[in-house]
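Topology and contacts: notes
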Amino acid sequence: MKPKNLLFLFSDQHSRKTLGCYGHPFVKTPNLDKLAAGGTLFKNAYCNSPICVPARGALATGRYIFETGYWDNAKAYEGSVPSWHHRLNAKGNHCESIGKLHFRSSEDPTGFAESHLPMNIVGGVGDLLGSLRDGTARLRKYRSYINNSGPGNSSYINYDRQITDHTVEWLEKSSPKYSDQPWVLFVSLVCPHPPIIAPEEFYRLYPLKDLPLPDPFEPEKRSDHPYLRDIRDFLGLNEEFEDEEIRRSIAAYLGQCSYLDSNLGRILKALEDHGLSSSTRIIYSSDHGESNGNRGVWGKSNMYEEAVGVPMILYGEDVPQGQVVETPVSLVDCFPTILECVGQKLSEEDKVLRGRSLFKIAKGEDQDRIAFSEFHAAGSRTAFYMIRQGPYKLVHFIDYPDQLFDLEKDPDELEDLSGNPVYSDIEAELYKKLTNLMDPLMTHKLARRDQLSRIAAAGGRDAVINRGSFGYTPAPGEIVSYQ
């Protein structure tokens, strides 16, 4: 495969269920749909932890969270583990970032030659409230996201516009400086992450009267699994919303998805306008998904497909066109993919990485593989782990009952097959694959010990609770506000 530049387009909280190319019946994402039609779409792509900071740590390092210890939104990547950004720049392939990183600090040696408009965790400390996992923490701001959702402007809308403008300018003025070797540009936008506000023109694409309520949504239809109760408690979602509030939040989220798509369209047009299309391949993905009211939950932090599933699209020369790949993939697969794109090989140290190049998977290799995700963060009183292979998905909990789903027969995950004797061999086999990969209980204990240590260093449980949470990481220049 001939080495090429790589434009890595990344978003925040974009569920793969809300793209036209992934089958959504009416969302408007024409630029991403066109990208998928001309490239390869990975139908079963996953993040490695359904929350921002751990997911981005896995993306950077190509390693699972249990291998690095980036457990939650208060322990972020700081450059101590080699990243693909380190590898590229060490090999002479210029690598820059524009936009959200959610690393510890701009002062850390994270490997990018330059990071433009970076967003990192607040004060190098992040959100310690999510590290307090005894059931007493409450994210007070979350309910207001839904109450206040709708059309308007936000710091995140403005930030994405800045990121897009800067990317368009970089492609025009900076890319020619690095034409001697393939470059990589990581462009990381923040929509459709809360606040759940969309520009008026995009919000109006989704009339409230045309929007169905989430399904399952009614309390009597929802799963009563204890980890869903934990999330609802943490986010303050136990009190029911009015139907109009729910539809308004859905319209705003879908509007943000369309706004994101329009910004990506501007970037893709700039790539073409400046003669870079033939020399550049493209990856599009996101750090995690969004529940969007399904099962009475908003946000991420669970292992249902709408939250743990992400879009993954590969485009460019040597990529099969119009192909849909069923093989499970995840964000750790991006590390070897990026190196292969620019013509570099994994170092000896990197050969222990568990990811596989998406270029190889797109050509039919390694079809019987697993995707793995884990969670040790906000709202969870116990660790939980996901193993996906073929049509089956096992979610294993340390202290709660497991879940098993057949995603081929039950794509909405309404029927939990765990404990069903008909599926006992499948459940046992997936659990064996999980324990062959890692030690769930030991990892749970390591994460809790580390989190309690950081909480103690911050003044203890009461100090963390009294400080509250800022809800979402402020955009550059925005003043952080605790509640």
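Everything in this summary refers to the structure shown in the same document. Remember, it's a predicted structure, so these values are computed and weren't measured experimentally.

1. Some thoughts on the overall build of the protein chain
Check the secondary structure of the protein chain and you find 15 helices and 16 strands. Computed over the C-alpha atoms, the radius of gyration of the protein chain is 21 Å, within 12% of the 23 Å expected from 2.2 N^0.38 for a compact globule of 483 residues. If you line up the protein chain on its principal axes, its C-alpha atoms span 60 × 50 × 45 Å. For the protein chain, contacts bridging at least 24 residues in sequence account for 74% of all contacts bridging at least 6. For the protein chain, the exposed surface amounts to about 17,800 Å²; the carbon and sulfur share of it is 48%. Averaged over its 54 positive side-chain charges, the protein chain has a centre that lies 3 Å from the centre of its 66 negative ones.

2. Concerning helix H1 (residues 30-37)
Looking only at H1, the buried set comprises Leu 32, Leu 35 and Ala 36. Take H1 and look down its axis: the buried residues cluster within an arc of 95 degrees, on one side only. Turned more than 90 degrees off the buried face of H1, the exposed positions are Pro 30, Lys 34 and Ala 37. Of the surrounding elements, those touching the buried residues of H1 are strand S2 (40-42), helix H9 (243-273), strand S9 (280-286) and strand S10 (312-315).

3. So, a negative patch on the surface
A cluster of like negative charges, contributed by Asp 215, Glu 218, Glu 220, Glu 242, Asp 243, Glu 244 and Asp 412, occupies part of the molecular surface. Along the chain, Glu 242 turns up in the loop between helix H8 (226-235) and H9. Using a relative accessible area of 57% as the deciding quantity, one classes Glu 242 as exposed.

4. Description of the side chain of Ser 83
For Ser 83, the location among the structural elements is in the loop between helix H3 (65-68) and helix H4 (84-90). We classify Ser 83 as buried; its relative accessible area is 0%. A polar atom in the side chain of Ser 83 sits 3.0 Å from the side chain of His 85. Among the polar contacts made by the side chain of Ser 83, one reaches the side chain of His 86 at a distance of 2.8 Å. For Ser 83, the residues in contact, after removing those within four places along its chain, are Ala 60, Thr 61, Tyr 77, Thr 110 and Phe 335.

5. Side note on the nonpolar core
One finds Phe 42, Trp 84 and Met 312 to be the most contacted residues of the largest nonpolar core, which totals 126 residues. The greatest single-element share of this core, amounting to 14 residues, is contributed by H9. Not counting the four nearest positions on each side in its chain, Trp 84 is found in contact with Phe 8, Leu 59, Ala 60, Cys 95, Phe 112, Val 184, Phe 186, Phe 335, Ile 338 and Leu 339. Core analysis: the second largest hydrophobic core is formed by 20 residues, Tyr 64, Tyr 392, Leu 417 and Leu 434 among them.

6. Digging into the sheet that holds strand S14 (residues 384-389)
Strands sit in the order S13-S14-S15-S16 across an open sheet of 4 strands; the sheet is antiparallel. Looking at which strands have only one partner, the edges of the open sheet turn out to be strand S13 (371-375) and strand S16 (403-406). Mean inter-strand twist for the sheet, computed between neighbouring axes without regard to direction, equals 10 degrees. Pairing analysis gives 6 bridges linking S14 to strand S15 (residues 392-397), with the strands arranged antiparallel. By the bridge assignment, Gln 389 is partnered in S15 with Tyr 392.

7. Remarks on the packing of aromatic side chains
Enumeration over the complete set of coordinates arrives at 30 aromatic pairs. Both rings, one in Tyr 64 and one in Phe 372, keep their centres 4.9 Å apart while their planes meet at 70 degrees; by these two values the pair is edge-to-face. Highlighted residues: Tyr 64 in the loop between helix H2 (52-61) and H3 and Phe 372 in strand S13, separated in sequence by 308 residues. You can call Phe 372 buried: its relative accessible area is 0%. For the ring pair Trp 170 and Trp 183, a centre distance of 5.0 Å and an interplane angle of 75 degrees mean the geometry is edge-to-face. Of the two residues, Trp 170 is situated in helix H6 (residues 155-173) and Trp 183 in the loop between H6 and strand S7 (184-188); the sequence distance between them amounts to 13 residues. Per residue, the accessibility class of Trp 170 equals that of Trp 183, and both read buried. What links up through ring pairs into an aromatic cluster is the set Tyr 227, Tyr 304, Phe 375, Phe 384, Phe 397, Tyr 400 and Phe 405. Seen from the ring of Tyr 46, Arg 16 lies directly overhead, with NZ or CZ sitting 4.9 Å from the centre. The side chain of Arg 295 reaches across the aromatic face of Tyr 304, ending 3.7 Å from its centre.

8. Points about the environment of Gly 135
Mapping Gly 135 onto the fold places it in the loop between strand S5 (114-119) and helix H5 (142-147). By relative accessible area, Gly 135 is classed as partly exposed at 28%. With 244 residues separating them along the chain, Gly 135 and Gly 379 place their C-alpha atoms 7.3 Å apart.

Calculation notes
Residues numbered from 1 in each chain as written. Predicted model: local features only at pLDDT ≥ 70, side-chain atom pairs only at ≥ 80, totals over all residues. Heavy atoms only, no water. Helix = DSSP H or I, 4+ residues; strand = E, 2+ residues; numbered from the N terminus. Rg over C-alpha atoms; globule rule 2.2 N^0.38 Å. Contact = heavy atoms within 4.5 Å. Areas by Shrake-Rupley, 256 points an atom, 1.4 Å probe, with all protein chains shown as cover. Lys, Arg positive; Asp, Glu negative; His and termini not counted. Charge placed at Lys NZ, Arg CZ, Asp CG, Glu CD. Buried < 20%, exposed > 50% of the residue type's maximum accessible area, 1.4 Å probe, protein only. Arc of directions from axis to C-beta. Patch = residues over 30% accessible without salt bridge, like charges linked within 9 Å, V, L, I, M, F, W, Y side chains within 5 Å. Salt bridge = Lys/Arg side-chain N within 4 Å of Asp/Glu carboxyl O. Polar contact = N/O pair within 3.5 Å; in protein donor to acceptor, adjacent residues only side chain to side chain. Core = buried A, V, L, I, M, F, W, Y, C linked by side-chain atoms within 4.5 Å. Pairing = 2+ DSSP bridges. Axes fitted to C-alpha atoms, helices over the stretch in contact; angles between N-to-C directions. Phe/Tyr/Trp six-rings, centres within 6.5 Å; stacked < 30°, edge-to-face > 60°. Lys NZ or Arg CZ within 6 Å of the ring centre and 35° of its normal.

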